Amino acid sequence: MSLPRAAKRSARRAARFAVRVTTSPSAMRSRAVAGLWNAAVTAPGLSDRTRGKLADLLHTRLLAAGQPERAARVSATALRRVGSSRLRAEILTRQAVAELDAGTPPTLPAAVAAQLALADDRLGRGDVAGAVRFLEAAQRQLFDRRLHFDRLTSPLAEDAGDFLAPWHASAAVRALSAPRGRQGSPAPAPTDRPLRLLMVTYGNHGFLDLIRRHFDQRPDVELRFLDPGEDGTHVPLLNNRRAMMQHVLAGDTTYGDKVTEWLAPQVEWADVVFVDWCAALAVLFSMIDPGSTRVIVRLHSFEAFAAWPHLVDFSRVDDLIFVSDHLRDLTVAAVPAVTAAGTRLHVISNAMDLRAFERPKEPEARFTLGLVGIKAVAKDPRWAVEVLRHLRAHDERYRLLLFGRDLDADASPDSRRYWDAFLADIAELEPSGAVVRVGQVDDVPAALTPVGVILSSSVRESFHCGLVEGAASGAVPVVRDWPFFAGRPSSARSLFPVDWVVDSPADAAQRILAVTATEDAWRKASEAAAEHVVATWDWEQVKHQFDQVVAGTTVRTAGGS
């Protein structure tokens, strides 16, 4: 090897070593070192690509040093010198994704704004495909599951209007949300033949079974049921969000022709279409001009934190059902098109056969807590374990049964961190039987017979059927004031009796100790709770409200029932 070549190689090694040393977490915590790098990355004369690579490097190392806010500021300063708007958007997007592990990304608003600016620009030039590409990128960032589903907080729940302001300000988004209307008006229910009702869902039939059975048994209703997952032929149409947006913006696509060919005959047959879940199927049905057919959509919970409602043309949705007031309020704040289109909003609780849960309980049940559902971070079973710890400090007879599948810890790094912390919480309690993971059960009413206190430990719920079913079984309900909605006009406190709802694990333990102090006190509280939920939310009470909406008559729109 020649001496000059060896010298160059040695110099490169020395340079790489210097970069590693001066960008190590400990070095980046030094303001002096970080300042030097800041000066380097903003120096004049660098090409856009070189500046971008340096900005990425500095951003990554500052994140590793635990300084996400400084990382965002330094990167923003550097990127102001990058001339290419597309390159800036790419860099901002990479950095926003990298910041997710540190919490709500400080770079996220700038990244979303950059993508939406590109979408607006492309749409202004008539490049629909390009506009959709950047709209989709902005959507992926705003509705990333790590922001809303894999953590105990959500920026959308904190302030939906502020979080989604850049989205709603975009010209391309306004075009995407523009009402396309319908030919004709919805026809009243027929009087000379049975009403033709098309019920639609994509999997997840559990919330629809009672409703479907009810209308199937009515002689004045002719029911059809459609689940595209049953034969799979049309599932690819549901899993193509980009094609949906392109069709809405272009107005005429091969994809839209396929959707019309599939769904238009169904809509033409029906007097009423009932779409369960405000997700992909709701988008597809709103791509069809319904003519005189009335369209009903039901929104449960996850959809309020997802992109789907933002793609639905609500000028073609006559009635939108929510399962609670607080979900209605959040959705209206996040999706202004819901009210702008004149869609009628209803609040009707989930369909539940609560009388089926009435079973006798043994005296020792008063010391057993139950939590139904632990498969999502939002269920926050760690909160329930903390309640148990408070109780066992008074009496070691208290135990906790956890029903349902375990959390999928591999869904994201956030899920893994939460699940590992939960397993550490119960490491000493589980071997002794103080905590029991029961797993998935087929006969829920039977499984709840040993439970004397039913918990809702969640940070958010739309309604929490498991809690209400537990109360119907005779378990005393103890409800955390769900943090996503706490302090708002509609929340757990407005949905349930005030004495059910608590602010903290210590408050929960106090309520439990009081109502389980004696068997007589526990049984009185148990009977009162069971009577309340059956009288308020049993299917025999709720079914008439579904009858009214399907028939097109007025239904009460407040109170969670």
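Residues numbered from 1 in each chain as written. Predicted model: local features only at pLDDT ≥ 70, side-chain atom pairs only at ≥ 80, totals over all residues. Heavy atoms only, no water.

Helix and strand counts for the protein chain stand at 28 helices and 12 strands. Dimensions along the principal axes, computed over C-alpha positions, put the protein chain at roughly 90 × 65 × 45 Å. Relative to its full complement of 561 residues, the protein chain shows a buried share of 54%. When contacts within the protein chain are restricted to residue pairs at least 6 apart in sequence, those whose partners lie at least 24 apart make up 71%. Just so you have it, the protein chain exposes about 23800 Å², and 51% of that area is on carbon and sulfur atoms. (Helix = DSSP H or I, 4+ residues; strand = E, 2+ residues; numbered from the N terminus. Buried < 20%, exposed > 50% of the residue type's maximum accessible area, 1.4 Å probe, protein only. Contact = heavy atoms within 4.5 Å. Areas by Shrake-Rupley, 256 points an atom, 1.4 Å probe, with all protein chains shown as cover.)

This next bit is on the packing of helix α24 (residues 465–472) against helix α27 (residues 519–537). Between α24 and α27, whose axes approach to 7 Å, the crossing angle comes to 125 degrees. Taken as axis vectors, α24 and α27 run oblique relative to one another. For the pair α24 and α27, the contacting residues are Val468, Ala471 and Ala472 in the first and Ala529, Ala530, Val533, Val534 and Trp537 in the second. Across the contact of α24 with α27, the residue classes tally to 8 nonpolar, no polar and no charged. (Axes fitted to C-alpha atoms, helices over the stretch in contact; angles between N-to-C directions. Parallel < 35°, antiparallel > 145°, perpendicular 65-115°, else oblique. Nonpolar A, V, L, I, M, F, W, Y, C, P; charged D, E, K, R; others polar.)

Read from one edge of the open sheet, 6 strands run β2-β1-β3-β4-β5-β6, paired in parallel fashion. The sheet is open, and its two borders are formed by β2 (221–226) and β6 (344–347), each paired with just one other strand. Strand-to-strand twist in this sheet, taken as the mean axis angle between neighbours without regard to direction, amounts to 20 degrees. Of the strand pairs in this sheet, strand β1 (residues 195–200) and strand β3 (residues 272–276) are connected by 4 bridges, and their pairing is parallel. The partner of Leu197 across the bridge, within β3, is Val272. Contacts from helix α28 (residues 539–551) reach β1, β3, β4 (294–299), β5 (319–322) and β6 within the one sheet, and its direction differs from that of β4 by about 140 degrees. (Pairing = 2+ DSSP bridges.)

Quick look at the nonpolar core now. Counting residues in each nonpolar core, the largest one holds 115 residues, and the members touching the most others are Leu135, Leu156, Leu284, Phe285, Phe496, Val533 and Trp537. By size, the runner-up hydrophobic cluster in this structure holds 30 residues, among which are Leu369, Leu407, Leu429 and Val453. (Core = buried A, V, L, I, M, F, W, Y, C linked by side-chain atoms within 4.5 Å.)

A separate point is the environment of Arg51. Structurally, the position occupied by Arg51 is in helix α4 (residues 48–64). In this structure Arg51 comes out as buried when scored by relative accessible area, which is 3%. Between the alpha carbons of Arg51 and Arg81 there is a distance of 8.3 Å; along the sequence they are 30 residues apart. Not counting the four nearest positions on each side in its chain, Arg51 is found in contact with Val41, Thr42, Ala43, Pro44, Gly45, Leu46, Ala78, Arg81 and Val82.

Spanning 19 residues, α27 covers 27 Å between terminal C-alpha atoms, matching the ideal 27 Å at 1.5 Å per step. Restricting attention to buried positions, one finds in α27 the residues Trp522, Ser526, Ala529, Ala530, Val533, Val534 and Trp537. Down the axis of α27, the buried side of the element spans an arc of 125 degrees, and every buried residue falls inside it. When the buried face of α27 is taken as reference, the exposed residues oriented beyond 90 degrees from it are Lys524, Glu531 and Ala535. On its buried face, α27 sits against α24, β11 (476–480), α25 (492–495), α26 (505–515) and α28. (Expected span 1.5 Å × (residues − 1). Arc of directions from axis to C-beta.)

Time to look at the sheet that holds strand β8 (residues 399–403). In spatial order, the strands read β9-β8-β7-β10-β11-β12; together these 6 strands make up an open sheet with parallel pairing. Each edge of the sheet is formed by a strand with only one pairing partner; in this case those strands are β9 (435–439) and β12 (501–502). Relative to β11, strand β10 (residues 453–456) is paired through 4 bridges, and the arrangement is parallel. Paired with Ile454 across the strands is Pro477, a residue of β11. Contacts from helix α21 (residues 381–392) reach β7 (368–372), β8, β9, β10, β11 and β12, with the element oriented near 175 degrees to β7.

Mapping Leu198 onto the fold places it in strand β1. For Leu198, a relative accessible area of 1% gives the class buried. For the pair Leu198 and His310, spaced 112 residues apart in the sequence, the C-alpha separation amounts to 24 Å.

Taken as a whole and judged by the stated rule, the model has 34 salt bridges. Here Arg122 and Asp121 are joined by a salt bridge, their closest N and O atoms 2.8 Å apart. The class for Arg122 is buried, based on a relative accessible area of 14%. For Glu430, the salt bridge identified is with Arg437, shortest N-O distance 2.9 Å. Accessibility expressed as a relative area gives 27% for Glu430, which makes it partly exposed. Using a relative accessible area of 30% as the deciding quantity, one classes Arg437 as partly exposed. The structure contains a network of salt bridges with shared partners spanning Asp121, Arg122 and Arg125. (Salt bridge = Lys/Arg side-chain N within 4 Å of Asp/Glu carboxyl O.)

With that settled, the discussion passes to the side chain of Thr343. With respect to the helices and strands, Thr343 occurs in the loop between α20 (337–340) and β6. For Thr343, a relative accessible area of 8% gives the class buried. Here the side chain of Thr343 touches Phe314 through a polar contact of 2.9 Å, landing on its backbone oxygen. Beyond its immediate sequence surroundings of up to four residues, Thr343 is in contact with Phe314, Val317, Asp318, Asp319, Leu320 and Val338. (Polar contact = N/O pair within 3.5 Å; in protein donor to acceptor, adjacent residues only side chain to side chain.)

Moving on: the packing of aromatic side chains. When we look at a pair of aromatic rings, we describe it by the centre distance and by the angle of the planes. Counted according to the given criterion, the structure contains 13 aromatic pairs. On the numbers, 5.8 Å between centres and 70 degrees between planes, the contact of Phe207 with Trp277 is edge-to-face. Within this pair, whereas Phe207 is found in the loop between β1 and α14 (209–217), its partner Trp277 is found in the loop between β3 and α18 (280–286), the two being separated by 70 residues in sequence. When its relative accessible area of 28% is taken as the criterion, Phe207 is described as partly exposed. These aromatic residues form a ring-pair network of at least three members: Phe463, Trp482, Phe496, Trp500 and Trp537. A cation over a ring is seen here: Arg224 above Trp269, with NZ or CZ 4.0 Å from the ring centre. Its end group placed over the ring of Phe305, Arg460 keeps NZ or CZ at 5.2 Å from the ring centre. (Phe/Tyr/Trp six-rings, centres within 6.5 Å; stacked < 30°, edge-to-face > 60°. Lys NZ or Arg CZ within 6 Å of the ring centre and 35° of its normal.)

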